[in-house]
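# Chains, contacts and geometry: an overview
Take a look at the letters that make up each chain.
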Amino acid sequence: MSATIQPEILLKLEDLLVRRGGVTVLDISRLEVFQGQVLSLIGPNGAGKSTLMLTLAGLLKPSRGAIFFQGERIADGGFAYRRHIAMVFQEPLLFDATVFENVATGLKIRGMSRGDIVRAVPGYLERFGIGHLAKRSARKLSGGEAQRTSLARAFVTKPEIVFLDEPFSALDPPTREALTNDLERILRETHTTAIASTHDQTEALRLADRIAVVIGGKIAQIGPVAEVMNRPADEFVASFVGVETVLPGRVVRVSAGAFAAAVAGGREVEAVGQVEPGDAVLCCVRPEQVTLSPNPTPPGSSARNVFAGTIRQITPLGLFQRIRVDCGFELVAYVTRQSLEELGLTEGKPVSASFKATAVHVIRRKEPLPL
Amino acid sequence: MDLIIEGVKQALYLLFTLDREVIGITLLSLQISGTATLISLFIGITAGTLVALTRFPGRQLVVSLINTGMGLPPVVVGLFVTIFLWRNGPFGFLEILYTPAAIILAQAVIATPIVTGITLAAIQHLPANLRLQILALGATRAQMIWILVKEARLPLLAAVMAGFGGVISEVGASIMVGGNIKGYSRVLTTATVMETGRGNFDIAIALSVILMLLAFCINAILTQIQQRERPR
Amino acid sequence: MKGFAKEGLLAAFLAAAIVLATAAPSLSAPAQKNIILATTTSTQDSGLLDVLIPAFEKKTGYFVKTISVGSGQAMAMGQKGEADVLLVHSPTAEKKFMAEGFGLDRLLVMHNDFIVLGAAADPAAIKAAKTTPEAFKKIAAAGALFLSRGDNSGTHSKEKGIWQAAGISPAGQKWYQETGLGMGQTLNVANEKSGYTLADRGTYLALKKNLSLSILKEGDPILLNIYHVIGVNPGKWPKVNAEGAKAFSAFMVSAEVQAIIKTFGLDKYGSPLFFPDAGKKEDALGK
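Fair warning: this is a prediction, and the values are worked out from it, not measured in the lab.

Counting its regular elements, chain B contains 11 helices and zero strands. Reading chain B from its N end, one meets helices and strands in the order α-α-α-α-α-α-α-α-α-α-α. Projected onto the principal axes, the alpha-carbon positions of chain B cover approximately 65 × 50 × 25 Å. Counting over 232 residues, chain B shows a buried share of 49%. For chain B, restricting intrachain contacts to residue pairs at least 6 apart in sequence, the fraction spanning at least 24 positions comes to 76%.

Shown next, in the form of structure tokens:
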């Protein structure tokens, strides 16, 4: 981990317990949200992501626990707090009015004068690409347009923290892609702190600074993106996140559809994708795509990525053995027990790890993560 | 057949010559039923919203009672309002039996459950997260309720029309508590009954035509608004 | 802007609500000026009260709430103190009402007569009968349809008296139907079903133009229909407006009103609907 200045804590949750009809829905002892960062909540459906989100937004009274905003405990009802936040749900939840009036709602609620509203709203309509729809009835919008309106309505109040509860999961992939791009840009421009829940890891990987994995009403793991992806705390997290190697990188060379990205440890990973030199990327490698060999340079391999490294840890994982290799960056591989014995792999032993350029899943990010 | 044709002719004559008695009865009906509807809207929208937005023990029973109340027979209301308003009854001191105020009261009792029931259904029919969305926009509880009611305005309009349509065409309670007093508590329906009894079918038909015109206008306005507002 | 037009509409609604709500109380007149007159449907359906009540109100400043019901219900209202003055035509019941102390005074106002109506074909051949009870016997014997008011009104109680005189108890018979409606409505039913019925002449004359029924029996002393005005006894119910009742009773027997009664309906029906009787003895009527 690079030594960065620890950002300020904006929102903090302590000793949270939410029970519904005698069943514990959420049980979280501690959660912190840092100023200016995006925290992604990922986890399977029904894990409690939405409940956690609503509780953090002060919209749901927990059975026990306290939430602190800027160091101050949120009072019951949380009215004052709610004036500092905004929320976007999976459904756009627009009012039966024009797009303009929808976006203006939060400002009207705050008693802003008509003149100020007329000055404030158009900028946000433009930002979310719905300026031309200002006078359209919200009932006549496409799914994407409606969710853009909902986002504009949230951001126009200049919230200090935005809650995004699976905001794009009801949209078709191209629309989702376009909206994720815009949201990413606006989050960066406005330095708004955000909590976004999703069950789509790609979305989380693109937006998040940190990831919290919520499983069964508990936070199974929380930390920086690469850490959670590369070092799942347990089997559940691993099986949920799937990708175990996530390498933040920067594109250094591009040639005919393929490119090389500089990653941690002074290494370069080759991958396939439409990128420009200097782009920030995440290179994701699934553990079963990684081949290990006891020879420092494996003969006859077509793999473009070959890294010498040392086995750090071997853990049994069902049919497979999960092997952490330190190659200057950390790489996770799965091998069968049989292969493990045939290759004579043990902890501390030097190996070469290889994977094909096409096996790298590339995620472009607007904002680079520390290598 | 002659009777009907003559009746309709006479009815049109009374209408187009703005017969003072017929116009007076019509205006009084509108005033009484309009006031009763407004009272029922005030109570019904408040109560309906409250029941829709809160959870309390016995709520299911309250909802059942409201739904039953939507079909309250006017004569039953008329009977009980009469008994309560008798000079020597529990509310005799009000001295409003056989006054327009008594009709307003009875009609409000009839219309309030209708408005409450429709409001309840309308608010409950809104998306579950809409309340949370409004609160997340920084709304106070009062602002939230106001926005919800505004969102439900189309079904609430239906509540207005259902309430008004129900009371203006109601006769049982009006005649019992109002007494059908000429120029005072005689409304379209009670006058129609009386004129039929007197054999003045022409006036009875004229009054019926007005009643039907009112019903038609109400529905026309309602349909117009709903068609304009509901492109979905 | 569209959204604001809608809000304007809502505001207008509320404003209207306030205006109407504040206007509503002014609809009720001052209490002590109110008189509740409980009367029979026949006086209202004949249109007589539409002439007399405005004249009384103009003269005295009282406001009369005319509740038009059957004589039976009118007297029930008097018994409960829910009416101040009664104008009724059910002498037997009235005497009982007075004897029990519910009435303060009872004055003879007017009379007309009952008539027995039926289809011109007269299937029970009652026209040949000498007396009305005899005619009723014939109806019963023929099993011909008879429509009764069945509402304890003055007409109904007169009808029951005639059945009694005929020695027949018609209740429950297949040919005997009770409408439970006012006189006008019952006449319409009898007309539609071509049945026999008993009606007061005033209502019949008022409705005659719509009826194909014929007068089959009239002029019998038993068919006399006598109207009295009764002031309700405030001793029983202190809230009763005795003064107003007294004023109304006095008005009904005044020479002026008696003159109106004498000619009421003459121009429209060719014969008067009622005969003024103020000051006469009840027993002397019809002789």
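Moving on from the model shown.
Once that is clear, we can look at the overall build of chain A. Check the secondary structure of chain A and you find 10 helices and 20 strands. Taken against the 2.2 N^0.38 rule, which gives 21 Å for 371 residues, the C-alpha radius of gyration of chain A at 23 Å falls within 12% of a compact globule. If you line up chain A on its principal axes, its C-alpha atoms span 75 × 50 × 35 Å. Out of the 371 residues belonging to chain A, those deemed buried represent 44%.

All names here are of chain A. Ordered by their spatial adjacency, six strands build an open sheet running β6-β7-β8-β3-β9-β10, and the pairing between neighbours is mixed. Across the chains shown, the open sheet's two edge strands, defined by having one partner strand only, are β6 (85-88) and β10 (218-224). Averaged over all adjacent pairs, the angle separating strand axes in this sheet is 15°, with direction ignored. Judged from the five bridges that link them, strand β7 (residues 161-165) and strand β8 (residues 193-198) form a sheet pairing that is parallel. In the strand pairing of β8, L164 is matched with A196. On top of the sheet, helix α5 (residues 143-155) reaches β6 and β7; it is set at about 175° to β6, its chief contact.

Here we take up the pairing of strand β9 (residues 224-232) of chain C. Residue and element names in this part refer to chain C. Of all nine residues making up β9, eight are buried, and the element is well covered by its neighbours. Across four bridges, the pairing between strand β3 (residues 85-88) and β9 is antiparallel. What sits directly across from V85, in β9, is G231. Sheet analysis places strand β4 (residues 103-118) next to β9, joined by nine bridges and oriented antiparallel. Looking across to β9, one finds that L108 is bridged to H228.

What follows concerns the interface of chain B and chain C. Opposite the 24 residues of chain B that make contact, chain C presents 28 residues. At five residues, helix α2 (residues 20-53) of chain B tops the list of elements feeding residues into the side of chain B that touches chain C. Tallied by class, the residues present in the side of chain B that touches chain C amount to 11 nonpolar, nine polar and four charged.

Turning our attention to the packing of helix α4 (residues 74-85) of chain B against helix α5 (residues 100-125) of chain B. Residue and element names in this part refer to chain B. Packing of α4 against α5 brings their axes to within 10 Å, and their N-to-C directions diverge by 135°. What the angle tells us is that α4 and α5 run oblique. Our pair here, α4 against α5, has a crossing hand that is right-handed. Contacts between α4 and α5 pair P74, V77, G78, V81 and L85 from the former with A102, L105, A106, V109 and I110 from the latter. Per-class residue counts for the contact of α4 with α5 are nine nonpolar, one polar and no charged.

Here the focus is the domain arrangement of chain A. Residue and element names in this part refer to chain A. The assigned domain composition of chain A is domain 1 (9-241) and domain 2 (245-365). The gap between the C-alpha centroids of domain 1 and domain 2 is 34 Å. With eight residues of domain 1 at the interface, the matching set in domain 2 holds nine residues. Counting only elements with at least two residues in the side of domain 1 that touches domain 2, the list comes to α7 (201-207) and α8 (225-230). Broken down by element, the side of domain 1 that touches domain 2 gets its largest block of residues, four residues, from α8. Among the residues forming the side of domain 1 that touches domain 2, the class breakdown is four nonpolar, two polar and two charged.

All right, on to helix α4 (residues 71-79) of chain C then. Residues and elements named next belong to chain C. Taken as a whole, α4 has its buried residues at S71, A74, M75 and G78. Buried residues in α4, looked at end-on, bunch into an arc of 95°, giving them a common side. Where α4 is buried, its residues meet β1 (34-39), β3, α5 (91-99), β4, α7 (154-166) and β9. Backbone geometry just after α4 places G81 at a positive phi near 75°.

Okay, the pairing of strand β2 (residues 63-68) of chain C next. Residues and elements named next belong to chain C. Most of β2 is tucked away, with five of its six residues classed as buried. Where β1 meets β2, six bridges bridge the pair, whose relative direction is parallel. By the bridge assignment, N34 is partnered in β2 with F63.

Residues and elements named next belong to chain B. In the contact formed by helix α3 (residues 59-69) and α5, the axes pass within 8 Å of each other and the chain directions differ by 125°. Here α3 is positioned oblique relative to α5, judged by the angle of their axes. The two elements α3 and α5 cross, and the hand of that crossing is left-handed. Residue-level inspection shows V63, I66, N67 and G69 of α3 in contact with α5, the latter providing P113, T116, G117 and L120. Split by residue class, the contact of α3 with α5 holds four nonpolar, four polar and no charged.

Attention now goes to unusual backbone geometry. Residues and elements named next belong to chain C. Within the chain, A125 stands out as a residue other than glycine whose phi angle is a positive 50°. Residue placement: A125 occurs in the loop between β4 and α6 (132-142). A residue is classified by how many C-beta atoms lie within 10 Å of it, and A125, with 15 of them, is partly exposed.

Next up on the list: the confidence of the model for chain B. When pLDDT is averaged along chain B, the result is 89, and 98% of the positions lie at 70 or above. Listed scores for the predicted complex are pTM 0.78 and ipTM 0.79.

To continue, consider the sheet that holds strand β19 (residues 350-355) of chain A. All names here are of chain A. Across the sheet, five strands lie side by side as β15-β19-β16-β17-β18; this open sheet has antiparallel pairing. Either end of the sheet is taken by a strand with one partner, and the two such strands are β15 (291-293) and β18 (330-336). Along the sheet, successive strands turn relative to each other by an average axial angle of 45°, direction set aside. When strand β17 (residues 320-326) meets β18, the two strands line up antiparallel, connected through seven bridges. Residue pairing across strands places V325 opposite L331, the latter belonging to β18.

Examined against the element boundaries, V306 of chain A turns out to sit in strand β16 (residues 305-317). For the pair V306 of chain A and S352 of chain A, spaced 46 residues apart in sequence, the C-alpha to C-alpha distance is 6.6 Å.

What counts as what
- Residues numbered from 1 in each chain as written.
- Chains lettered and ligands numbered in written order.
- Predicted model: local features only at pLDDT ≥ 70, side-chain atom pairs only at ≥ 80, totals over all residues.
- Helix = DSSP H or I, 4+ residues; strand = E, 2+ residues; numbered from the N terminus.
- Buried ≥ 20, exposed ≤ 12 C-beta atoms within 10 Å, placed from the backbone.
- Contact = placed C-beta atoms within 7 Å.
- Rg over C-alpha atoms; globule rule 2.2 N^0.38 Å.
- Pairing = 2+ DSSP bridges.
- Axes fitted to C-alpha atoms, helices over the stretch in contact; angles between N-to-C directions.
- Nonpolar A, V, L, I, M, F, W, Y, C, P; charged D, E, K, R; others polar.
- Parallel < 35°, antiparallel > 145°, perpendicular 65-115°, else oblique.
- Left-handed = near helix turned anticlockwise from the far one by under 90°.
- Domains from an automatic or database assignment.
- Arc of directions from axis to C-beta.
- pLDDT = per-residue confidence, 0-100.

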